[in-house]
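# Structure assessment
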Amino acid sequence: MSLDVVVVMDPIGSIRIAKDSTFAMLLEAQRRGHRLHYVLPGGLSIADGQARALAAPLAVRDDPDGWFELGTASHRGFGPGDVVLMRTDPPVDADYIHDTQILDVARPAGATVGNDPRGLRDLNEKLAALRFPQCCPPTLVSREAAALKAFVAAHGEAVLKPLDGMGGRSIFRAAAGEPSLNVILETLTGGGRHLAMAQRWIPEIAGGDKRILLIDGVPVDYCLARIPQGDEFRGNLAAGGRGEGRPLTDRDRWIASQVGPEMVRRGMRFVGLDVIGDWLTEVNVTSPTCIRELDEGFGLNIAGMLFDAIERGAPVAS
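A brief report on the enclosed structure follows.

Each value, and the rule that gives it
Throughout this document, residue positions are counted from 1 along each chain, in the order its sequence is written. Since the coordinates come from a predicted model, pLDDT governs what is reported: local features require at least 70, and pairs of side-chain atoms require 80 or more to be given and counted, while whole-chain, interface and lining totals use all residues. With hydrogens and water excluded, all non-hydrogen atoms of the structure serve as input to the side-chain values. Between the rings of Phe, Tyr and Trp (Trp by its six-membered ring), a pair exists once the centres lie within 6.5 Å; its type follows the angle of the planes, with under 30 degrees stacked, over 60 edge-to-face, and the other angles tilted. Helix and strand assignments follow DSSP, with helices taken as H or I runs no shorter than four residues and strands as E runs no shorter than two, numbered in order from the N terminus. Relative accessibility thresholds used throughout: buried, under 20% of the residue-type maximum; exposed, over 50%; partly exposed, between the two (1.4 Å probe, protein chains only). Geometrically, a lysine NZ or arginine CZ counts as sitting over a ring once it is within 6 Å of the ring centre and also within 35 degrees of the ring normal. Should any heavy atoms of two residues lie within 4.5 Å, those residues are considered in contact. Whenever Lys or Arg places a side-chain nitrogen within 4 Å of a carboxyl oxygen from Asp or Glu, that contact is recorded as a salt bridge. Strands qualify as paired when DSSP identifies two bridges or more between them. Note on method: axes are straight lines fitted to C-alpha atoms, helices fitted across the in-contact stretch only, with angles between N-to-C directions ranging 0 to 180 degrees. An expected span of 1.5 Å times one less than the residue number is assigned to each helix. Each residue is assigned a bend, namely the angle between axes fitted to the seven residues that terminate at it and the seven residues that start at it. By disulfide we mean two sulfur atoms from cysteines, separated by a distance within 2.5 Å. Reported orientations rely on four angle classes, namely roughly parallel under 35 degrees, roughly antiparallel over 145, roughly perpendicular from 65 to 115, and oblique for the rest. Take the far helix as the reference: if the near one is turned anticlockwise from it by less than a right angle, the crossing is left-handed, and if turned clockwise, right-handed. All residues other than Ala, Val, Leu, Ile, Met, Phe, Trp, Tyr, Cys, Pro, Asp, Glu, Lys and Arg, Gly among them, are scored as polar; the first ten of these are nonpolar and the last four charged.

Take the packing of aromatic side chains next. For the coordinates displayed, the defined rule picks out two aromatic pairs. On the numbers, 4.0 Å between centres and 15° between planes, the contact of Tyr222 with Phe298 is stacked. Of this pair, Tyr222 sits in strand S14 (residues 222-227) while Phe298 sits in helix H7 (residues 291-298), and the two are 76 residues apart along the sequence. Of the residues examined, Phe298 reaches a relative accessible area of 29% and is grouped as partly exposed. Here Arg173 stacks its cationic end above the ring of Trp201, 3.8 Å away from the centre of that ring. Against the face of Trp279 rests Arg251, its NZ or CZ located 5.3 Å from the ring centre.

The following block contains the structure:
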C-alpha cells in the first residue's frame, strides 16, 4: 500500500546528502512508491483541533548537483496512511517541544509518528543512557561545581558536557587539579544554574566512539566507529572524526539487548547508541545518523530495514 511519508527535518537545501540519514530514508520511501511531503520549516500547526502541516510534494534523487524538487506547498491535515518522520536536529528547545505536542494530536487522527513524540520529549539523549546504569561508566549529573570537581578528583580524569549539546560541541576533557577546571565548570553550569554531566574518562576513545543503530530495538549488525584525529579527543564526525565500519562485538549486542526493549516500549523505532569501549554513553533518538556510511561500507540498506518495519506496523513491547 502506498503511504504518505511526511518529513519534518532541517532545511533540505542545506544537507550533505552523502552523509544524511534522513535523505537515505527519503530515497528508500520514494523507491517503494510512497508519496513524499516536505514540511516547510515552522510549518506545523493546529486548526480546529486538527494537526496540520504546511507541506510541499517532494521528489529526491541521489545527485549532489540537485537532490530535491519541491512542488507547491499547501496545508494538509494528518490522518490515516500518513507516516511522519520527525528528524530535526537538537536542541530540544521550546519550539521543538511544541512541534512534538502538535504531532501528539496527529496520532489519534491515524498518523504514524516515528519516533514517538512523547519519547522525543522524555528521553534526553545524555540522561537516557543513565536509565541503563549497568551499561554506563561512572557518571554524575549535577549543578554543583564542587560535586563535579570532586568527581573528577575521584576518577583522575573525566569528560564534562552539557545535557543539550550535539555533534561534540561544548565537551571538555579535564584532569584532576587542572587549572582551568573551575572555569570549565562555571561555564557548563552557568554558575550553578544548569545541569552538567561528568563521566569517567574512557581511554578506549582512541579506538573510536561507536554508533550502533537499532530498528525496533534490534541492532544493525555493523556499527560506525568515529575515531578522533590529530590532537582532538572527540570522535564525532562533526568534530573531524574518521568513520570506520566494524561488526558488532558481543558486548555491543549485550548493550543493545539491555536498551532495545525499553526503546520499543516507548515507540522509539530508530535509535542510535553511542558506545566507547564497553560503555554506553548516549542514547540518540532525535535524528540518529550513520546510515549512509554503513550502507556504503557493508552493502546494506538500513533505510530499507526501517521501512520494512514501518510497513509491518508498530512492534508490540515484550
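Turning next to the side chain of Thr281. With respect to the helices and strands, the residue Thr281 is situated in strand S17 (residues 279-284). Residue contacts for Thr281: discarding those within four places in its chain leaves Lys126, Ala129, Lys161, Gln199, Ile202, Asp274, Val275 and Ile276.

Secondary-structure assignment places Gly77 in strand S5 (residues 74-77). Along the chain, Gly77 and Ala106 lie 29 residues apart, while their C-alpha atoms are 8.2 Å from each other.

Take the pattern of salt bridges next. For the structure shown, the criterion picks out 26 salt bridges. Between Arg32 and Glu28 there is a salt bridge, with its nearest N and O atoms 2.6 Å apart. Arg32 gets classed as partly exposed once you look at its relative accessible area, which sits at 23%. Across the pair Arg32 and Glu311 runs a salt bridge, and its minimum N-O distance is 2.9 Å. Of the two residues, Arg32 is situated in the loop between helix H1 (21-31) and strand S2 (35-47) and Glu311 in helix H8 (residues 302-312); the sequence distance between them amounts to 279 residues. Taken together, the shared-partner salt bridges connect Glu28, Arg31, Arg32, Asp308 and Glu311 into one network.

The next thing to look at is the sheet that holds strand S8 (residues 139-142). Ordered by their spatial adjacency, four strands build an open sheet running S8-S11-S9-S10, and the pairing between neighbours is antiparallel. Only two strands of the sheet have a single partner each, and these edge strands are S8 and strand S10 (172-175). When the angles between neighbouring strand axes are averaged without regard to direction, this sheet yields 25°. Examined bridge by bridge, strand S9 (residues 157-162) and strand S11 (residues 196-200) share five bridges and lie antiparallel to one another. Paired with Ala158 across the strands is Arg200, a residue of S11. In the packing of helix H5 (residues 181-189) onto the sheet, the strands contacted are S8, S9, S10 and S11, and the crossing angle to S9 comes to about 25°.

Attention now moves to helix H6 (residues 250-265). End to end, H6 covers 24 Å across 16 residues, agreeing with the expected 22 Å (1.5 Å per residue, within 8%). Val259 marks where H6 bends most, by close to 30°; the proline Pro261 follows one to four residues later. Where H6 is buried, its residues meet strand S12 (209-215), strand S13 (218-219), S14, strand S16 (270-276) and S17. Remark: Gly267 follows H6 within two positions and exhibits a positive phi of approximately 75°.

The next point concerns the state of the cysteines. Disulfide: a covalent bond formed between the sulfur atoms of two cysteine residues. Within this structure, the stated rule accounts for zero disulfides. With no disulfide of its own, Cys135 lies 6.2 Å from the sulfur of Cys136, the closest cysteine sulfur. Assessed through its relative accessible area of 0%, Cys135 is described here as buried. The thiol sulfur of Cys290 is not disulfide-bonded, and the nearest other cysteine sulfur, from Cys223, lies at 9.4 Å.

Further remarks concern the packing of helix H4 (residues 145-155) against H5. Interhelical geometry of H4 versus H5 gives an angle of 130° and a closest axis separation of 10 Å. Relative to H5, the element H4 is oriented oblique. Classified by chirality, the crossing of H5 by H4 is right-handed. From H4, Ala145, Leu148, Lys149 and Val152 reach across to H5, where they touch Leu181, Asn182, Leu185 and Thr189. Of the residues contributing to the contact of H4 with H5, the split by class is five nonpolar, two polar and one charged.

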